[in-house]
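Structural description and commentary
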Amino acid sequence: NISVPATAGASMKKDVSVIAPVADVQPKMTSLEGIVRDPSTNQAVANGRVEIIDKKTGAIIGSAKVDPVTGKYILILPEDGNYNIFYSAKDRLFSSENLVVPENSSYQEISSHQELKPVIAGSTTVLRNIFFDENKSDLKKESLTELKEIFKLLNDRKDLKAEISGHTDAKGND
């Protein structure tokens with residue numbers, strides 16, 4: 001207890017608790033932040049959206065709207081996950097990336113800036129979440145999220161024609 005004088009000639013008793021700080025405690029999470037913009041104007045993309053999709057379940061586990069003025073976004077990803085990060089906006093080609101956050105990973109900040117091109121003749125985008133079994137042409141289940149987005153885009157815009165091309169890597173028996 002300590003005495004705190006309230007007025008002249010009076011005293012008031014107060015309990016004071018002291019809490020010792022915990023040394024070097026870091027949260028186990030990953031912060032993903034960046035800017036989504038138009039590549040030709042460098043302006044923020046209107047109605048931009050970022051979604052985190054769990055590759056194992058296909059469930060959306062988080063999403064954020066892109067700030068319409070700055071193009072900035074920020075999301076928190078849980079540890080121990082394999083995620084498809086999906087960037088989209090109306091009348092824009094989507095962009096995606098794959099991000100693995102290991103179990104027991106320490107706090108980290110990841111910056112990912114994305115450019116979403118308008119859907120016009122000659123526009124291209126890279127599909128980063130199409131996966132094949134090694135030494136096979138079979139698509140892995142983890143590819144479904146990206147394939148569904150392509151299907152949705154082509155279904156919404158019947159005037160579009162798409163060409164999908166790819167390449168192999170150096171792994172395998174050949």
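No experiment lies behind these values; they were computed from the predicted model shown. (Residues numbered from 1 in each chain as written. Predicted model: local features only at pLDDT ≥ 70, side-chain atom pairs only at ≥ 80, totals over all residues. Heavy atoms only, no water.)

With that settled, consider the sheet that holds strand β5 (residues 60-65). If you walk across this open sheet you meet the 4 strands as β5-β4-β7-β8, and the pairing is antiparallel. For this open sheet the edge positions go to β5 and β8 (95-101), each flanked by a neighbour on one side alone. For this sheet, the mean inter-axis angle between neighbouring strands, taken without regard to orientation, is 20 degrees. Sheet analysis places strand β4 (residues 49-54) next to β5, joined by 5 bridges and oriented antiparallel. The residue of β5 that forms the bridge with Val50 is Ala64. (Pairing = 2+ DSSP bridges. Helix = DSSP H or I, 4+ residues; strand = E, 2+ residues; numbered from the N terminus. Axes fitted to C-alpha atoms, helices over the stretch in contact; angles between N-to-C directions.)

For the rest of this paragraph, the subject is the packing of aromatic side chains. Counting across every chain of the model gives 2 aromatic pairs. The interplanar angle of 65 degrees and the centroid separation of 5.8 Å between the aromatic rings of Tyr73 and Tyr87 together place this pair among those described as edge-to-face. Within this pair, whereas Tyr73 is found in strand β6 (residues 72-78), its partner Tyr87 is found in strand β7 (residues 81-88), the two being separated by 14 residues in sequence. We classify Tyr87 as buried; its relative accessible area is 0%. Judged by centre distance (5.0 Å) and plane angle (40 degrees), the rings of Phe86 and Phe94 are tilted. One exposure class covers both Phe86 and Phe94, and it is buried. (Phe/Tyr/Trp six-rings, centres within 6.5 Å; stacked < 30°, edge-to-face > 60°. Buried < 20%, exposed > 50% of the residue type's maximum accessible area, 1.4 Å probe, protein only.)

Before going further, it helps to spend a moment on the side chain of Lys55. Its place among the elements puts Lys55 in the loop between β4 and β5. There is no salt bridge for the buried Lys55, and the closest opposite charge comes from Glu146, which lies 6.5 Å off by N-O distance. In this structure, Lys55 is in contact with Asn82, Tyr83, Asn84, Asn98, Asn129, Phe131 and Glu142, ignoring residues within four places of it in sequence. (Lys, Arg positive; Asp, Glu negative; His and termini not counted. Salt bridge = Lys/Arg side-chain N within 4 Å of Asp/Glu carboxyl O. Contact = heavy atoms within 4.5 Å.)

One finds Val36, Val50, Tyr73, Leu77, Ile85 and Tyr87 to be the most contacted residues of the largest nonpolar core, which totals 17 residues. Looking at this core, the elements that each hand over two or more residues are β3 (29-37), β4, β6, β7 and β8. Other than its neighbours up to four places away in sequence, Val36 contacts Gln43, Ala44, Val45, Val50, Val66, Gly71, Tyr73, Tyr87, Gln114 and Leu116. (Core = buried A, V, L, I, M, F, W, Y, C linked by side-chain atoms within 4.5 Å.)

With that settled, consider the environment of Val100. Tracing the sequence through the fold places Val100 in strand β8. A C-alpha to C-alpha distance of 6.1 Å links Val100 and Tyr83, two positions 17 residues apart in sequence. What Val100 contacts, discounting residues up to four positions off in sequence, is Gly81 and Asn82.

Here the focus is the layout of surface pockets. As a volume, the largest pocket reaches approximately 1,600 Å³. Tallying contributions element by element places helix α1 (residues 144-156) first for the lining of the largest pocket, with 4 residues. Classifying every residue of the lining of the largest pocket by side-chain character gives 20 nonpolar, 14 polar and 14 charged. Estimated volume of the second largest pocket: approximately 360 Å³. (1 Å grid on protein atoms, 1.4 Å probe; cavity = no way out; pocket = protein on both sides within 12 Å on 5 of 7 lines; lining within 4 Å. Points joined across faces, edges and corners; volume = space filled by probe spheres on them. Nonpolar A, V, L, I, M, F, W, Y, C, P; charged D, E, K, R; others polar.)

With that out of the way, let us pick up the pattern of salt bridges. Any two side chains of opposite charge can pair if their charged atoms end up close together. Summed over the entire model, instances satisfying the criterion amount to 5 salt bridges. The residue Arg49 makes a salt bridge to Glu51 at a minimum N-O spacing of 3.8 Å. With relative accessibility at 29%, the residue Arg49 sits in the partly exposed group. Note on Glu51: relative accessible area 15%, which makes it buried. The salt bridge partner of Asp159 is Arg157, with a shortest N-O separation of 3.1 Å.

Glancing now at unusual backbone geometry. Even without being a glycine, Asn42 presents a positive backbone phi close to 60 degrees. With respect to the helices, strands and loops of the structure, Asn42 is situated in the loop between β3 and β4. Despite not being glycine, Asp91 has its phi angle at roughly 60 degrees, a positive value.

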